[in-house]
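Spelled out from the first residue to the last, the chains are:
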Amino acid sequence: MNAFKLIFFALFLLLLIAFIQFKKDIFVLFEEGTGNFTTQISTGDFPKTLTDVTGITYTLTQPPKRIISATLATDHILSALVSQERIVGVSRYVDYPSLSNIVDFYAPSIRRTKTEIESILSLQPDLVFVASYSDPEAVRYLLRSDIAVVRLSEFKSFTDIINNIRLIADITDSKVKGQQVIDELENRIEFIKAQVKPYKKPRVLYYDLNGFSVGGNSLMNEAINISGGINVAENILPDGEHKISEELAISLQPDIIVMSQWIFNDNQQQQSPVDILKNKVAWANVPAIKNNKVYAVPGTWLRTVSQFRIKGVEAIAAMLHPEIKPYPRADQANQHNSSHEVIDVQ
Amino acid sequence: MFNNPTHKILIIGLLAILFITLSGLAVLQGPVDIPFNTILTILSEAILGTHHDTIIAWQQSIIIDVRLPRVLIAMFAGASLALCGLITQSMFRNPLASPSILGVSSGASLGAVIAIYCGASLLSAWSIPLFAFIGAGITLSIVYRIATNQGQSNIATLLLSGVAISALNVAATSLLLALSLNNWDVARMIIYWTMGGLDGRTWDHVFIILPIICSGFICLLFYSKPLDLLLLGEQHALSVGVDVKKTRRNLLIISTAMVGASVSVVGGIGFIGLVVPHILRLILGPSHRYLLPASLLGGAIALMSADLFTSVFFKNSEIPLGVITAALGAPFFLFLLIKQRVVIN
Amino acid sequence: MTDSIINENNLKANHQPLLSAKSLSFSYGKTEQLVNTNIQAYAGEFIGLIGGNGVGKSTLLQLLLGLLTPQQGEVLIEGVSLNKLKRRDIAKQMAFVPQFIELPFSFSVEEVVSMGRNPYLGAFQLASKADTDIVKQAMHTTDITHLAKRKVNQLSGGEKQRVIIARSLAQQPKVILLDEPIASLDISHQFETLDLIQSLTQQNKLAITAIHDLNLAAQYCTRLILLSKNEAGKVTVVADGKPQAVLTAENLQKHFNIKADIVNTQKSNYAEASTTTIQLTNIRPIKKRT
């Protein structure tokens, strides 16, 4: 009798599994995307079709008017493209000084949301921006809820950032503004590249006091390369951000060390990471420390995956090559010039 | 198990030799390859004060200011974790008792996380150990208060309240982490601190842990007989003249200080406190005269070899040290348990 | 104190009692365990603590040892309060044989017996020749010399009991307290153990033992102390004296809920002052009236 129950249980289980496998399209959301799963958007004018990597499609008959941006990156990008009236929600980190470059940019009436399905639905959006690192549960619900969703998944280089800006500009019907942002970004990158070209490339180490550095194929690596430096950890560490042993970091003997500046102790007169590193006895014989070439760049410029990232690159370039000129700007009076904003803690 | 005292001393001698070899190896081996001769020259300069022109400055700083403190911290932290495990197991007559089960480790972690959260960790290197000690002490006194009635402590209540307070500590740590998320830099610092490990440890850390562990160990030597007696049960111990209440209190204070110190320096490395004393007890028998020095050496050996293992086989990987100690310790522990079970049956 | 207490030791009143409890009261939380208990015990006595299950015999022993602290009253050893003595000094005078608890980790018999020398040795002091002789003597007395190298948890119940008794002998105490020393033993080991304790009391030591078997208690003990509820429903000493005086039909009925025929017998094996003792036969429960 018991054997029969067991067999019944096993058969039923097999049946269910077979059903799920056969009717996979129903359960398509069980599988999270891997690789590039950025949402595809049809070319041409509205109505536009959005195709998610899971195969789900949405049609936007007109440019979206109730946009929710659930990631910090899209908060930043949208800030340059779309008027605030069209945005109903932004990510809750947007006002955190340690993470955001646009603190208090969005009106307080715009909801700060977690990537949490109930609060998103309650805002009745017609378009939601999420990213590969958003809470997958909420994304799954969203994909099922018939609200148009744009998923972004590539954040590894300026090319990725530019593609993302283009995609967002396209779907929000702000192509002209988008192109302006992209042009300026490309111009500023080219400007730096051209300026640093004649100079000898210094050996640069990015170091975080928690013991992290960056290998190849990462934004930070790209930033060092654009700024006319060599990332000493490039072929030593695997791609992306990785832990580096103190010993290894010292043995790389960098000429310049770039760190990320803490925001939280700016106004508390506490030690900056640069001071802490300089006071470490073990680092005393590193050329960068000996020659006093340890710099901190505001973490918000280094972490952002939006157009604001160029500020970080300009800052690093100015540290690596103090001789170069800052990017000339038409509206210098209104905007801070990035290369003067470098935090030099020497 | 070895019954002959000569054999036991021989085993402790072997442990000592292993200990010295490992500490030598740990200084020679690291993520960066530095030739053997260079290391010897650097060490001889540091110890004998002779001057050599051949020394490259940055290699010297790696050996003297990175590797040496790292090795010393592995030694002291491992030793203190193993000793605390030994004491709690004997005191509570329970092979499962360990600083982590009694909530002491999580209390120390909570204290340290509070120090980071408040920014105190940036003011002085001593703030994390101090907060860790306070956290461990408060936790232990609460657990002990709850479980002790009329000077008698019920082991089951003690362990259960330890587990409960431990859960509370972990919850409080998570809460702080969640609160700190509005400041990304602090959150990162807390996350990496809780992962533990030996990276970035300096001579400051050595001087924090050194006095506590050394004085703790010397104090514990005085308790080797009372610990034997407590192992037989508190009625036996009291009958032969051990002031059980006072002894327990003193032992708890010493082990809290040691756990606080080691947690504040290496973070949560849990398995050593449970496994090392147990293995040594299986080998050497229950007498603390042998177990105390053996645990000191054994704990140091365990943590140093785990660190060495990581640096040799997983160069530049991000595997936390605690994972290695658990992965190596657990199977060995189970093997011994099964073997022992067969003998008994 | 009730009138029923017969103190046979009035003759010794001019001597100082070796161990005495003065109006002890003890409670766990709100449950009162013992109320106003007085005991005076003299060297050479073999005192049996009797009473029903859970009446507080173990509690009384632990109070006498100082393991528990009474809420009221005090325990005196040779006229000095336990509170004023260090545990080491108490251990030189008084040993305790608890019910054996299983050990998760095992010592050898010799090691356990040697622990009895603890109160005489400093933290790092090793046992001297004199100490090892005392340990050997204790093992010889309890007849466990042949077990010296064995692990304690490989021994039988009776052997373990003797190991613990040997450990308390190594303490060279004047007083030995025993908690149910024969409860887990077979009949021949029960006799052996009691003979051993009896021989100790003949060497002018004081033994106080909690004991269940009333016949063995009557046969061996020179004095019995009956712990039970008094008229007010509080646990205290309700009878104290020679076995014949304590094991009366009235007491058996009232405090043990049994009836028995009480037979006077002759104790022949030892030449002692009191050679007559009693034996209970035909023990039967009293049926409760509903």
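Residues numbered from 1 in each chain as written. Chains lettered and ligands numbered in written order. Predicted model: local features only at pLDDT ≥ 70, side-chain atom pairs only at ≥ 80, totals over all residues.

Asker: Got a sec to walk through the interface of chain B and chain A? Specific residues and values, please.
Answerer: The interface is formed by 27 residues belonging to chain B together with 27 residues belonging to chain A. Only helix H3 (57-91) and helix H7 (184-195) of chain B provide two or more residues apiece to the side of chain B that touches chain A. Of all the elements, H3 of chain B adds the most residues to the side of chain B that touches chain A, at eight residues. Here the residues of the side of chain B that touches chain A are counted per class, giving twelve nonpolar, nine polar and six charged. (Contact = placed C-beta atoms within 7 Å. Helix = DSSP H or I, 4+ residues; strand = E, 2+ residues; numbered from the N terminus. Nonpolar A, V, L, I, M, F, W, Y, C, P; charged D, E, K, R; others polar.)

Asker: How would you explain the interface of chain C and chain B if you had to name every residue and give the values?
Answerer: Of the residues lining the interface, 25 residues belong to chain C; the matching set on chain B comes to 22 residues. For the side of chain C that touches chain B, the elements supplying multiple residues, two or more each, are helix H2 (87-93) and strand S6 (94-97) of chain C. Ranked by residues supplied to the side of chain C that touches chain B, first place goes to H2 of chain C with four residues.

Asker: An account of helix H1 (residues 2-22) of chain A is needed here, citing residue identities and associated values.
Answerer: Residues spaced three or four apart along an α-helix face the same direction, because each turn holds 3.6 residues. In a regular helix each residue adds 1.5 Å, so 21 residues correspond to 30 Å; H1 of chain A covers 30 Å between its end C-alpha atoms and thus fits that length. Burial runs low along H1 of chain A: only zero of the 21 residues are buried. (Expected span 1.5 Å × (residues − 1). Buried ≥ 20, exposed ≤ 12 C-beta atoms within 10 Å, placed from the backbone.)

Asker: Break down the arrangement of the chains for me, citing the residues and quoting the values.
Answerer: The chain pair with the greatest number of contacts, out of two pairs of chains in contact, is formed by chains A and B. At the C-alpha level, the nearest point of chain A lies 40 Å from chain C, with no contact between them.

Asker: Report on the nonpolar core, specifying residues and quantitative values.
Answerer: Counting 270 residues, the largest nonpolar core has Val258 and Ile316 of chain A, Ala112 and Met304 of chain B together with Leu64 and Leu177 of chain C as its most contacted members. Take this core: its biggest share by element is 20 residues, from H3 of chain B. Of the residues that make up this core, three or more belong to each of domain 1 (29-182) and domain 2 (200-320) of chain A. Those residues in contact with Val258 of chain A that lie beyond four places of it in its chain are Val204, Tyr206, Tyr295, Val297, Ile316 and Met319 of chain A. (Core = buried A, V, L, I, M, F, W, Y, C linked by C-beta atoms within 7 Å. Domains from an automatic or database assignment.)

Asker: Lay out the sheet that holds strand S2 (residues 48-51) of chain A in plain terms, naming residues and giving numbers.
Answerer: The sheet built from three strands is open, its strands ordered S1-S2-S3 (chain A) with antiparallel pairing. The open sheet terminates on both sides in strands that have one partner only, identified here as strand S1 (40-41) and strand S3 (57-60) of chain A. (Pairing = 2+ DSSP bridges.)

Asker: Summarise the packing of helix H12 (residues 271-284) of chain B against helix H13 (residues 288-313) of chain B; cite the residues concerned and give the values.
Answerer: Residue and element names in this part refer to chain B. Taken N-terminus to C-terminus, the directions of H12 and H13 make an angle of 130°; their axes are 9 Å apart at the nearest point. The angle between H12 and H13 falls in the class oblique. In this structure, the crossing between H12 and H13 has a hand that is right-handed. Every residue of H13 that contacts H12 at Ile272, Val276, Pro277, Leu280, Arg281 and Leu284 is listed here: Tyr290, Leu291, Ala294, Ser295, Gly298, Gly299, Ala302 and Leu303. In the contact of H12 with H13, the residues fall into ten nonpolar, three polar and one charged. (Axes fitted to C-alpha atoms, helices over the stretch in contact; angles between N-to-C directions. Parallel < 35°, antiparallel > 145°, perpendicular 65-115°, else oblique. Left-handed = near helix turned anticlockwise from the far one by under 90°.)

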